[in-house]
Amino acid sequence: MAEPGVGQAYARLVRAQIRSQTQYRLSFGIDVASCALGTLIEAAVVLVVFRVSPTVGGFGLREVLVMSALAAFAFDLADLLVGNIERLSTYVRKGTLDTILIRPLRVLPQLLATDFALRRVGRVAQSSVLLVAVLVYADIDWTPARVVMLALTPLAGCALFAAVFLLGACVAFWFVESGEIANAFTYGGKEFARYPATIYPGLLRRVFGYGVGLALVGYQPALFLTGHADPLGGPTWLAWSSPAAAALAWTIALLVWRTGIRHYRSTGS
Amino acid sequence: MPGLACSSAPPTPHAARGRDFTMSFASARPLRPDRPPDRRARLYRFGALFGAGFRRWSTYRQAALAGLFTNVVFGVMIYSLLRALADDGRRPGGYDTTQLATYVWVGQGILSVVHVWSWNELADRVRSGDVTADLLRPIDPFEAFLAADLGRAAYAVLARMVVPILAGGLMFTLYIPHRLHTVPLFVLSLTLGTVLSFALRYLVNLGAFWLLDARGLSAVWLLASGVFAGTFFPLRFLPEWAQAVLWFGTPFPGLFQIPLDVLVERPGPAQQIGSVVLQLVWVAILIPLVSRVQRAATDRLVIQGG
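Residues numbered from 1 in each chain as written. Chains lettered and ligands numbered in written order. Predicted model: local features only at pLDDT ≥ 70, side-chain atom pairs only at ≥ 80, totals over all residues. Heavy atoms only, no water.

Chain B appears in an unreviewed UniProt entry as ABC transporter permease from Embleya hyalina.

Per an unreviewed UniProt entry, chain A goes by the name Transporter and belongs to Embleya hyalina.

Put into structure tokens, the structure is as follows:
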């Protein structure tokens, strides 16, 4: 395994990032605050939606708030940990990935450490508070199985979103300017997971919900936690399959990443 | 004589970093080569920069394709949600389902025309010091950047607006405007929305003259423009008082909600024209504000590095 020096090197990279990002104090403060506020506003959107309609896709406010809070927390945590991998396209375009490749450290952890975005801590803090508040409001009938589900879902969801971020970033190895495709699956994925899968047309539901696995992040666990049967007839074990989906997604993402790194040919003249 | 050469030598780096290099660029104005001011030359310059903006963005074809894919995916998702709200014959915010479809799909199309996302070009140039070059040019930087941004918007109309509307039209039923003046009014409203969006983005970037780093302000802008312009949901879903505050207290509805409301004919004919007048009022407020802030900003500019 790694020698003690390696861990220190990563820690040093992260610390350097934190120092550099907090350099312009006022700007950083505004940035953190607005990140946190963003989470709050996204949650308020659900309330606005229920202002104009008593149900959404056959679900009430309680269920939708639970799936929305689960999805938001998983996404924000993934965004904090690996979200900045989307800057990979800049490295590939400018050829600066070379400097990372020649260092005696692993490429992926190095990139994640170098681009660590501290301001997203604000988001994660806000969305965890929100998740707790929503779970209290939803007045869930706690059973041991539901407690396990609650512990499992945010972590598996975070891993799944992280894999999607990584896969999306890998597009840059082949199509340098196509970074926006990834947004459809990352930010789009979050939007998808926030609301009941019943509202989406069949193709989108199959691709995003079960192809990418995003229905396992918010929709299915929320059904399990609130004791609601799936109107689409999905079996209960679907709610338990998020860790398996996350593991599968990571396997694919790492394979694509390896292929991508080997495909990389640098740039410039 | 060696003594003379010594006294005309440049100041030491330490002195240079102080007040000595703090120039007021307002005094650089008389350098304009075209006095007396020539309207035709000004218009020609504006047109040239507009064309340059258009050509610059038209080189990113792959990015435009990727963006279109994302627009279409988001279009389906947002429309699915709004459509679910209109179940059982409800009219959320007073829109029927075809009006909602048009709101979403034309909305996805105009997102990148109006460009409600972050834009850091000027702020980056302030941080790096490159902004000196912009200030020494014989054209007001706001005018120059505006021309380039309108060129960008014109390209976005062709590359980013048409496809989402066609995609939406193929999958769902869109609303066809009934009034004769609606389409020209929409074009005017969209242009004003783009100018408003640019003026606000420029203001955010001017913040870099004080903070050196506009990322914080940029994040606030991103949040405000997203929610208060109506890109998350039509603002008519909000309570009346909140709508009044947003429409009359902030310029944000003018970026997105007003052009779309004009197109789907949500308000009556008088209100339809009135909302475009409201956009005009906001333009008339913001442009003088931008020049005042710009003057204050350039007066306190210290070029970094040196």
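The structure having been displayed, the exposition proceeds.
Caption draft 1: Looking closely at the overall build of chain B. Helix and strand counts for chain B come out as 14 helices and zero strands. Per-residue burial over chain B gives 50% buried out of 306 residues. Sequence separation of at least 24 residues holds for 81% of the intrachain contacts in chain B that already meet a minimum separation of 6. (Helix = DSSP H or I, 4+ residues; strand = E, 2+ residues; numbered from the N terminus. Buried < 20%, exposed > 50% of the residue type's maximum accessible area, 1.4 Å probe, protein only. Contact = heavy atoms within 4.5 Å.)

Caption draft 2: Broad picture of the overall build of chain A. Along the backbone of chain A there are 14 helices and zero strands. Ordered by position from the N terminus, the helices and strands of chain A form the series α-α-α-α-α-α-α-α-α-α-α-α-α-α. The globule rule puts the C-alpha radius of gyration for 269 residues at 18 Å, and the 20 Å found for chain A is close to it. Each of the three principal axes of chain A carries a C-alpha extent, and together these read 60 × 40 × 40 Å. Counting all 269 residues of chain A, 53% fall into the buried class. Restricting to contacts in chain A with at least 6 residues of sequence separation, those with at least 24 account for 78%. Carbon and sulfur atoms make up 65% of the accessible area of chain A, which amounts to about 12,200 Å² in all. Positive and negative side-chain charges of chain A, numbering 22 and 15 respectively, have mean locations separated by a distance of 7 Å. (Rg over C-alpha atoms; globule rule 2.2 N^0.38 Å. Areas by Shrake-Rupley, 256 points an atom, 1.4 Å probe, with all protein chains shown as cover. Lys, Arg positive; Asp, Glu negative; His and termini not counted. Charge placed at Lys NZ, Arg CZ, Asp CG, Glu CD.)

Caption draft 3: Up close: a nonpolar patch on the surface. The grouping of Ile273, Val277, Val281 and Ile285 of chain B at the surface amounts to a nonpolar patch, some 310 Å² of accessible area in total. The exposure class assigned to Val281 of chain B is partly exposed, which follows from its relative accessible area of 41%. (Patch = residues over 30% accessible without salt bridge, like charges linked within 9 Å, V, L, I, M, F, W, Y side chains within 5 Å. Salt bridge = Lys/Arg side-chain N within 4 Å of Asp/Glu carboxyl O.)

Caption draft 4: Molecular detail of the pattern of salt bridges. Taken as a whole and judged by the stated rule, the model has 19 salt bridges over all chains. Notably, a salt bridge pairs Arg123 of chain A with Asp76 of chain A, separated by 3.1 Å at the nearest N-O pair. Taken together, the positions of Arg123 of chain A in helix 7 (residues 120-138) and Asp76 of chain A in helix 3 (residues 61-82) put the pair 47 residues apart, joining distant regions of the chain. A single burial state applies to Arg123 of chain A and to Asp76 of chain A, both of which are buried. Here Asp124 of chain B makes a salt bridge to Arg127 of chain B, at a shortest N to O gap of 3.5 Å. Pair noted here: Asp124 of chain B and Arg127 of chain B are both in helix 6 (residues 121-128), with a separation of three residues, about one helical turn. Judged by its relative accessible area of 39%, Asp124 of chain B falls in the partly exposed class.

Caption draft 5: Region of interest: the UniProt feature "transmembrane region" (unreviewed entry) in chain B. Cross-referencing UniProt, the feature "transmembrane region" (unreviewed entry) maps to residues 63-82, 153-176, 183-204, 216-238 and 270-290 of chain B in the present numbering. Helix makes up 100% of residues 183-204 of chain B and strand 0%, whereas the separation of the span's terminal C-alpha atoms amounts to 31 Å. (UniProt positions renumbered as here; feature names shortened; annotations may be inferred.)

Caption draft 6: Fine view of the UniProt feature "transmembrane region" (unreviewed entry) in chain A. Residue and element names in this part refer to chain A. Cross-referencing UniProt, the feature "transmembrane region" (unreviewed entry) maps to residues 28-52, 64-85, 121-140, 152-176, 207-225 and 237-257 in the present numbering. For residues 64-85, helix accounts for 86% and strand for 0%, while the C-alpha atoms at its two ends are 30 Å apart. Between the end C-alpha atoms of residues 121-140 there is a gap of 28 Å, over a span that is 90% helix and 0% strand.

Caption draft 7: Quick peek at the confidence of the model for chain A. When pLDDT is averaged across chain A, the result is 90; 98% of the residues are at 70 or more. Highest mean pLDDT in chain A belongs to helix 14 (residues 242-263) of chain A (95); lowest belongs to helix 1 (residues 4-21) of chain A (85). (pLDDT = per-residue confidence, 0-100.)

Caption draft 8: Representation of the packing of aromatic side chains in the model. Scanning the model with the defined rule gives 27 aromatic pairs over all chains in all. Between Phe192 of chain A and Tyr200 of chain A, the aromatic rings sit 4.4 Å apart at their centres with planes inclined by 20 degrees, giving stacked as the arrangement. The same class applies to Phe192 of chain A as to Tyr200 of chain A, namely buried. Here Trp119 of chain B and Phe198 of chain B contribute two aromatic rings whose centre-to-centre distance is 5.4 Å and whose plane-to-plane angle is 65 degrees, an arrangement assigned as edge-to-face. Of this pair, Trp119 of chain B sits in the loop between helix 5 (97-114) and helix 6 while Phe198 of chain B is found in helix 9 (residues 182-206), placing the two residues 79 residues apart along the sequence. Residue class for Trp119 of chain B comes out buried when judged on its relative accessible area of 11%. You can call Phe198 of chain B buried: its relative accessible area is 0%. Joined through ring pairs, the aromatic side chains of Phe185, Phe192, Tyr200 and Phe208 of chain A together with Phe69 of chain B make up one cluster. (Phe/Tyr/Trp six-rings, centres within 6.5 Å; stacked < 30°, edge-to-face > 60°.)

Caption draft 9: Seen up close, the interface of chain B and chain A. In this assembly, 37 residues from chain B lie in contact with 39 residues from chain A. For the pair chain B and chain A, the summed buried area comes to about 3,200 Å², and 74% of that belongs to carbon and sulfur atoms. When the area that chain B buries against chain A is broken down by residue, the three leading residues are Gln62, Met77 and Leu81 of chain B, summing to 18%. Counting across the interface, chain B meets chain A through one salt bridge. Arg160 of chain B is the salt-bridge partner of Glu180 of chain A, the closest N and O atoms lying 3.7 Å from each other. (Buried area = accessible area lost by both parts, 1.4 Å probe.)

Caption draft 10: Expanded view of unusual backbone geometry. Residue and element names in this part refer to chain B. You will see that Asp88, though not glycine, has its phi angle at about 55 degrees, which is positive. Structurally, the position occupied by Asp88 is in the loop between helix 4 (61-85) and helix 5. Located in the positive-phi region is Glu265, a residue other than glycine, with phi close to 55 degrees. Within the secondary structure, Glu265 is located in the loop between helix 13 (257-263) and helix 14 (269-299).

Caption draft 11: Representation of the side chain of Glu143 of chain B. Here Glu143 of chain B lies in helix 8 (residues 141-171). For Glu143 of chain B, a relative accessible area of 14% puts it in the buried group.

Caption draft 12: Summary view of the environment of Gly230 of chain B. All names here are of chain B. Assignment of secondary structure puts Gly230 in the loop between helix 11 (215-228) and helix 12 (240-249). In sequence terms Gly230 and Gly268 are 38 residues apart; their C-alpha atoms lie 20 Å from each other. Residue contacts for Gly230: discarding those within four places in its chain leaves Tyr103, Leu235, Phe256 and Gln257.

Caption draft 13: Molecular detail of the side chain of Thr231 of chain B. Residues and elements named next belong to chain B. Following the sequence through the fold, Thr231 ends up in the loop between helix 11 and helix 12. Polar contacts involving the side chain of Thr231 include one to the main-chain carbonyl oxygen of Gly226, which spans 2.6 Å. Ignoring sequence-local partners within four residues, the contact set of Thr231 consists of Leu111, Val116, Ser225, Gly226 and Phe256. (Polar contact = N/O pair within 3.5 Å; in protein donor to acceptor, adjacent residues only side chain to side chain.)

Caption draft 14: A look at the environment of Thr186 of chain A. Along the chain, Thr186 of chain A turns up in the loop between helix 9 (179-185) and helix 10 (187-194). Linking Thr186 of chain A and Phe165 of chain A, residues 21 residues apart in sequence, is a C-alpha distance of 6.1 Å.

Caption draft 15: Main features of helix 10 of chain A. A large share of helix 10 of chain A lies buried, amounting to six of its eight residues. Those residues of helix 10 of chain A not exposed but buried are Gly188, Gly189, Lys190, Phe192, Ala193 and Arg194 of chain A.

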